[in-house]
Amino acid sequence: MSFPPALKIPAVYLRGGTSKGVFFRLEDLPADCRRPGAARDRLLLRVIGSPDPYGKQIDGLGGASSSTSKVVIVSRSARPGHDVDYLFGQVAIDRALVDWSGNCGNLSAAVGPFAIEAGLVDAAALPRDGRATVRIWQANIGKTIVAQVPMQDGQVLERGDFELDGVAFPGAEIELAFLDPGEEGDGAGVGAGAGGRGASALFPTGRVVDELALPESLVAGGRLRATLINAGIPTVFVDAAALGYTGIEAQDAVNGDAAALRRLEAIRAHAALRMGLIGALDEAASRQHTPKLAFVAPPQSYRASSGRLVEAGDIDLLVRALSMGRLHHAMMGTAAVAIGAAAAIPGTVVCEAAGGAPRASVRFGHPSGTLRVGAEAAVVDGQWRVTRAVMSRSARVLMEGVVRVPADALASA
């Protein structure tokens, strides 16, 4: 039996923040994969090595975690005032699913460097030294991200002394500004073929705190206070204590408890329904990337996964967040935006955990250490609005060349 030769597709493997992903220029993809649909999803699943019933992604570039099972497609932007369009896909590990419903804040840090080195940004607009401003259209959710990318001798600078908890080595600092992260965007779902809904307001229910009605098997009393917010990414914040947690849990303490993960996923599904992101509870299974579920608590000292002691006095609150059904090893960048936004608004579960007073900047503790994020919030026409959220990350090219994909990966089943 003969087989056609493998496809060879130009690609770059990058770390952005505490995530890794495979980056493509849109123009380098096969013609029928340059638009949303089953062909593109099949290609990207095969690149990453999903679905893998063993959960290891051995036959692909995925790293068997939500932080390393990601793809990015970048192209020149035709949108005025923007340099590039950025589309993100979260690839499920054990299922044939690419979730296009949200952004990845960590990989957002790598979009600017990739775009510059891939020739997608006008070279005449780039400084030889200093910081290059790259205006990015986040196509999944219809938002603008402004990246400040360090340059040296006309090249992207990757080396530096900026340290990011969750990343072993320092790098050059890239500042990201997420503009109007809580306003309704016009790009939600553009990458999807799976359908679904998009949250259309900072607080989709119109309240900073809601009370979710849940089966008593999920939470004692059948009621759970939650802040449902759409900033950076739709996120559900609840009190750690209400779930029986302290807020200083390490990854294994949660991910090693299959019953707890099923319970948390069920709570996430109920919250997604309340936010209007899905129309029925069973739809949450095909929308794993959004919303995120996070639990918060007041500060206390703990050991980060590196062994470093995080002192209670050095943080404003504790946050543990789940991504793709498992506790994240650090913090998703988009969820950090949501944390900053919620901390800036009085009455939210996040603001309460941070002491009750709204904060323009907050430092929170996560499993790998700490992170600072800032947000600007104000009441406009009787509604809360977040105009800007800012955080810093680093990024680095890990490998570049071509990725080989079996030609029959594009064939329909």
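Conventions and cut-offs
- Residues numbered from 1 in each chain as written.
- Predicted model: local features only at pLDDT ≥ 70, side-chain atom pairs only at ≥ 80, totals over all residues.
- Heavy atoms only, no water.
- Salt bridge = Lys/Arg side-chain N within 4 Å of Asp/Glu carboxyl O.
- Helix = DSSP H or I, 4+ residues; strand = E, 2+ residues; numbered from the N terminus.
- Buried < 20%, exposed > 50% of the residue type's maximum accessible area, 1.4 Å probe, protein only.
- Patch = residues over 30% accessible without salt bridge, like charges linked within 9 Å, V, L, I, M, F, W, Y side chains within 5 Å.
- Areas by Shrake-Rupley, 256 points an atom, 1.4 Å probe, with all protein chains shown as cover.
- Lys, Arg positive; Asp, Glu negative; His and termini not counted.
- Charge placed at Lys NZ, Arg CZ, Asp CG, Glu CD.
- Phe/Tyr/Trp six-rings, centres within 6.5 Å; stacked < 30°, edge-to-face > 60°.
- Lys NZ or Arg CZ within 6 Å of the ring centre and 35° of its normal.
- 1 Å grid on protein atoms, 1.4 Å probe; cavity = no way out; pocket = protein on both sides within 12 Å on 5 of 7 lines; lining within 4 Å.
- Points joined across faces, edges and corners; volume = space filled by probe spheres on them.
- Nonpolar A, V, L, I, M, F, W, Y, C, P; charged D, E, K, R; others polar.
- Pairing = 2+ DSSP bridges.

## Section: the pattern of salt bridges
Stage number 1. Across all of its chains, the model carries twelve salt bridges by this definition.
Stage number 2. Across the salt bridge formed by Arg274 and Asp210, the nearest N and O atoms sit 3.4 Å from each other. A residue pair is termed long-range when its members are at least 10 positions apart, and Arg274 in helix H4 (residues 258–275) and Asp210 in strand S10 (residues 210–213) qualify at 64 residues.
Stage number 3. Taking relative accessible area as the criterion, Arg274 reaches 33% and is therefore assigned partly exposed.

## Quick word on a negative patch on the surface
Stage number 1. On the surface, a cluster of negative charge is contributed by Asp161, Glu163, Glu173 and Glu175.
Stage number 2. Along the polypeptide, Glu173 turns up in the loop between strand S8 (155–156) and strand S9 (174–179).
Stage number 3. Relative accessible area serves as the criterion here: at 32%, Glu173 is assigned to the partly exposed category.

## Structural notes on the packing of aromatic side chains
Stage number 1. Considering all chains together, one arrives at two aromatic pairs under this definition.
Stage number 2. Each ring, one from Phe23 and one from Phe114, has its centre 5.4 Å from the other, and the planes form 50°; the classification is tilted. Pair noted here: Phe23 is in strand S2 (residues 19–25) and Phe114 is in helix H2 (residues 105–117), with a separation of 91 residues, a long-range link.
Stage number 3. Overall, Phe114 belongs to the buried group, its relative accessible area being 6%.
Stage number 4. Aromatic side chains Tyr245 and Phe295 sit 4.7 Å apart centroid to centroid with 20° between the ring planes, which places their arrangement in the stacked category. With Tyr245 in the loop between strand S12 (233–239) and helix H3 (251–255) and Phe295 in strand S13 (residues 292–297), this residue pair connects regions lying 50 residues apart in the sequence.
Stage number 5. Stacked on the ring of Trp100, the Lys or Arg Arg40 has its end atom at 4.2 Å from the ring centre.

## Here's the deal with empty space enclosed by the protein
Stage number 1. All told, the structure shown has four cavities of 30 Å³ or more when counted by the stated rule.
Stage number 2. Its boundaries defined by the atoms lining it, the largest cavity holds a volume of some 70 Å³.
Stage number 3. Forming the boundary of the largest cavity are Leu261, Leu264, Glu265, Arg268, Gln288, Pro291, Lys292, Leu293, Leu322, Ser323, Met324 and Gly325.
Stage number 4. Mapped by element, the contributors of at least two residues to the lining of the largest cavity are H4, S13 and strand S16 (317–323).
Stage number 5. The leading source of residues in the lining of the largest cavity is H4, at four residues.
Stage number 6. Residues of the lining of the largest cavity, tallied by class, amount to six nonpolar, three polar and three charged.

## Section: the pairing of strand S7 (residues 143–152)
Stage number 1. With respect to burial, S7 is a largely interior element, nine of its ten residues being buried.
Stage number 2. As paired elements, strand S6 (residues 130–138) and S7 share nine bridges and run antiparallel to each other. In the strand pairing of S7, Gln138 is matched with Lys143.
Stage number 3. Between S6 and S7, which follow one another and run antiparallel, lie four residues, and Gly142 among them has a positive phi close to 70°.
Stage number 4. Pairing geometry for S7 and S9, over five bridges, is antiparallel. Each bridged residue has a counterpart across the sheet, and for Ala147 the counterpart in S9 is Leu176.
Stage number 5. The pairing of S7 with S8 spans two bridges and is classified as antiparallel. Bridging across to S8, Gln152 finds its partner in Gln155.
Stage number 6. What sits between the antiparallel neighbours S7 and S8 is a turn of two residues, in which Asp153 has the positive phi angle 55°.

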